[in-house]
Every structure is written in structure tokens, then in C-alpha cells.
Amino acid sequence: AAGVIQSPRHLIKEKRETATLKCYPIPRHDTVYWYQQGPGQDPQFLISFYEKMQSDKGSIPDRFSAQQFSDYHSELNMSSLELGDSALYFCASSSPGAEQYFGPGTRLTVT
Amino acid sequence: GQQLNQSPQSMFIQEGEDVSMNCTSSSIFNTWLWYKQDPGEGPVLLIALYKAGELTSNGRLTAQFGITRKDSFLNISASIPSDVGIYFCAGQVHNNNDMRFGAGTRLTVKP
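Here's what I pulled together on the structure shown here.

Reading guide: rules and limits
- Residues numbered from 1 in each chain as written.
- Chains lettered and ligands numbered in written order.
- Predicted model: local features only at pLDDT ≥ 70, side-chain atom pairs only at ≥ 80, totals over all residues.
- Heavy atoms only, no water.
- Helix = DSSP H or I, 4+ residues; strand = E, 2+ residues; numbered from the N terminus.
- Polar contact = N/O pair within 3.5 Å; in protein donor to acceptor, adjacent residues only side chain to side chain.
- Contact = heavy atoms within 4.5 Å.
- Pairing = 2+ DSSP bridges.
- Axes fitted to C-alpha atoms, helices over the stretch in contact; angles between N-to-C directions.
- Disulfide = S-S within 2.5 Å.
- Salt bridge = Lys/Arg side-chain N within 4 Å of Asp/Glu carboxyl O.
- Buried < 20%, exposed > 50% of the residue type's maximum accessible area, 1.4 Å probe, protein only.

Time to look at the side chain of Glu75 of chain A. All names here are of chain A. Within the element layout of this structure, Glu75 appears in strand S8 (residues 74–78). A distance of 3.1 Å separates a polar atom in the side chain of Glu75 from a polar atom in the side chain of His73. Sequence-distant contacts of Glu75, defined by excluding residues within four places in its chain, comprise Thr20, Leu21, Lys22, Trp34, Ser65, Ala66, Gln67 and Phe69.

Another aspect to go through is the sheet that holds strand S3 (residues 19–24) of chain A. Backbone-to-backbone hydrogen bonds pair the strands of a sheet. The strands run either parallel or antiparallel. Residue and element names in this part refer to chain A. One open sheet holds the 4 strands; their spatial order is S1-S3-S8-S7, and the pairing between them is antiparallel. Bordering the open sheet on either side are strand S1 (5–7) and strand S7 (64–68), each of which pairs with just one other strand. Going across the sheet, the axis of each strand differs from the next one's by a mean of 15°, ignoring polarity. In this structure, S3 lies alongside S8, joined through 5 bridges in antiparallel fashion. Paired with Lys22 across the bridge in S8 is Glu75.

Glancing now at the state of the cysteines. Residues and elements named next belong to chain A. Counting across every chain of the model gives 2 disulfides over all chains. Bridging Cys23 to Cys91, the disulfide has an S-S length of 1.8 Å. Measuring handedness by torsion sign, the sulfur bridge of Cys23 and Cys91 sits at about -55° and is left-handed. A residue pair is termed long-range when its members are at least 10 positions apart, and Cys23 in strand S3 and Cys91 in strand S9 (residues 87–94) qualify at 68 residues.

We now examine the pattern of salt bridges. Summed over the entire model, instances satisfying the criterion amount to 5 salt bridges over all chains. The residue Glu82 of chain A makes a salt bridge to Arg63 of chain A at a minimum N-O spacing of 3.4 Å. Here Glu82 of chain A, found in the loop between S8 and S9, pairs with Arg63 of chain A, found in the loop between strand S6 (53–57) and S7; they are 19 residues apart in sequence, far enough to count as distant. Taking the relative accessible area as the measure of exposure, Arg63 of chain A reaches 21% and is therefore partly exposed. The shortest N-O distance in the salt bridge between Lys36 of chain B and Asp38 of chain B comes to 3.1 Å.

Structure below.
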């Protein structure tokens, strides 16, 4: 069965640079979610989109923004990167109100 | 916000033993989910629970949604080495995509 696709899988950036992470949801899933997971931590909800509109906002820094496109894929844009932004970033997708399925994640390293 | 208390933090068991872990919350959730995460990978959905009192099995896994809607447990029977990983509980409130995770239970299975 098709799963959530994330790209890139690994990304290395320097402080103050920008990064864009991409997420392709499971076919026919119209809701996408972004999570940040630091080392040894549980995933922290950042933001979600339903039908291309932001549906909920969690602990997403103002330096980050995200959007969902007409084909339902989503991009997380991260600017003015800081060392503390180094983490695993997961995208998940679901049908409305249903359980979330996670992608393999993007490991972002900020040096 | 809602906080999930997951215990135990870690478990070291012998292959073939049964395992039990649980999550409690001071707030009510409408959905409880259990995920397993391997290092550097995305959380994989194991079981989703939607009704208070619901008891659901998935192979050797059994999970229950507490009657008060403030707790859930996961049991793994006859553990095998591939059960090694971090198990997360997660709670979700309807119409709110902000899914909260417990801190995780790290399971080690000795052959």
C-alpha cells in the first residue's frame, strides 16, 4: 500500500539558511500534519492542513511556514535556521477525523 | 494543554514474556492511538481506539480505551526480538488535529 512520502530524507544546512521539506500524503488523504521530534523526545505537533487550508496550529515557530497545494502535497518552509532546529521532521496524513499515518521523516541537521 | 503520562519509561524483558504499558491523562480524549517507532524512522500505527471501553487486538497486541476516556493500555504477548523499539501512546480530541504524544516506552527484548 502507498505510504506517506517525504523528501529529502536528510538535509544539512548552516545557521541562518533556509530549508524546504516536502510531503506527499497517502492517496485520497486530504489532511496533512507536520511534527518535529528532537533527540529522545516525542513528536511535537507543528501545524496541519485540511483541503489546502490551515486547520490547526501547534508549536510552530514564526520562522516556519507551511502550505498545502492543490494536489494535497505540503511543504514546510524553515527560515533563519538555528542549531536548535536540528531534529527529525515528520509529515503524517489522514482522511478527515481518521487516524494519522506517518512518513519516514526528514532528518535536518543545522551546523 | 493536554499532557499524557506514559509508563514505564523503559522495559527490559526476556523473549517470550508479556509486556504491558499504559498512558493516563488529566484530560479526556476521543481517540487513543498506539504507535511503534524504530530509530530514525517514522512512527508506525499499531492500534487506533475510538470508543470508551473499546478493547481491540492486532495479532499479539491488545489495547483498551479506558472507560473514563483518560487512559489506555497496550499489551504485547509472547514478545519477540523484533518488538524492540519505542512505543508511543497518542491522544486526539475530535475536531482538533493537535495529536498529543506520551513520552514513549523503550522496549528491549533479550533473546
